[in-house]
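Examining the three-dimensional arrangement
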Amino acid sequence: MEHESVKRMWKEYLAFIGENPSSSDRKYNAWHFCYNKEDADELAELVVQGTKRATASLYLSYEADNDEVPKVGDYNIITDWDGIAQCIVRTKKVDIVPFKDVTSEFAAKEGEGDKSLEYWRDCHWRYFSREMRRLGKEPSEDMLVVCEEFELVYK
């Protein structure tokens, strides 16, 4: 169930941009990063600070979970682990590339660790390997990654 703070932040954002919340046709998704509280809360804070301007997800997960792949213009309310709204981001760019082709520029935009491609590959290999196992598949350098860049629009 969606935390009240998510609905409140969305209404505040719509008012902020001059839209009536009861008549707006804009939609959003609300979610947190990662599989644990510490990482989820830390990454949400990096977004609020403006350090984290991108995220990566496993393409196969969208199909398996019957979710839509992000698209330019999507709004997302980033929450902490407990579902409390932290900020709103809007998707600016989406590329789907093999893991091995993720660039150092994208890794830097993710804003995690030392922002290097080496750091990105290490932590995302572990994350995506876990997700691939959940899907009954083996991870590979060719697994497709959804590289999503976003802008912070409200906090």
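The present account deals with the structure reproduced in this document. (Residues numbered from 1 in each chain as written. Predicted model: local features only at pLDDT ≥ 70, side-chain atom pairs only at ≥ 80, totals over all residues. Heavy atoms only, no water.)

For strand β3 (residues 75–79), the buried fraction is high: 5 of the 5 residues fall into the buried class. Residue alternation in β3 divides its side chains into two sets, Tyr-75, Ile-77 and Thr-79 and Asn-76 and Ile-78, and both sets are buried. With 5 bridges connecting them, β3 and strand β4 (residues 85–98) associate as antiparallel partners. Residue Tyr-75 lies in a different strand from β4, and its bridge partner there is Arg-90. Here β3 hands over to β4 after 5 residues, with Gly-83 in that stretch at a positive phi of 85 degrees. (Buried < 20%, exposed > 50% of the residue type's maximum accessible area, 1.4 Å probe, protein only. Helix = DSSP H or I, 4+ residues; strand = E, 2+ residues; numbered from the N terminus. Pairing = 2+ DSSP bridges.)

For the rest of this paragraph, the subject is helix α5 (residues 117–134). The terminal C-alpha atoms of α5 lie 25 Å apart, and with 18 residues this matches the ideal 26 Å at 1.5 Å per residue to within 8%. Every buried residue of α5 is listed here: Trp-120, Cys-123, His-124, Phe-128, Ser-129, Glu-131 and Met-132. On its buried face, α5 is in contact with β2 (54–58), α3 (59–64), α4 (104–110) and β5 (144–154). Of the residues trailing α5, Gly-136 is marked for its positive phi of about 75 degrees. (Expected span 1.5 Å × (residues − 1). Contact = heavy atoms within 4.5 Å.)

Pairing is mixed across the open sheet formed by 5 strands, whose spatial order is β1-β3-β4-β5-β2. Here the strands that pair on one side only, and so sit at the sheet edges, are β1 (29–31) and β2. Looking at each pair of strands side by side, their axes are set apart by 35 degrees on average, direction ignored. Across the sheet, α5 lies against β2 and β5, angled at about 35 degrees from β2, the strand it touches most. (Axes fitted to C-alpha atoms, helices over the stretch in contact; angles between N-to-C directions.)

Attention now moves to the packing of aromatic side chains. Applying the stated rule across the entire model yields 13 aromatic pairs. Centroid distance Tyr-127 to Phe-128: 5.8 Å. Interplanar angle 65 degrees. Geometry classified as edge-to-face. According to the relative accessible area criterion, Phe-128 is buried, its value standing at 0%. Through a chain of ring-to-ring contacts, the aromatic side chains of Trp-10, Tyr-13, Phe-16, Tyr-28, Tyr-75 and Tyr-154 assemble into a single cluster. The side chain of Lys-52 reaches across the aromatic face of Phe-33, ending 5.0 Å from its centre. Against the face of Tyr-35 rests Arg-130, its NZ or CZ located 4.0 Å from the ring centre. (Phe/Tyr/Trp six-rings, centres within 6.5 Å; stacked < 30°, edge-to-face > 60°. Lys NZ or Arg CZ within 6 Å of the ring centre and 35° of its normal.)

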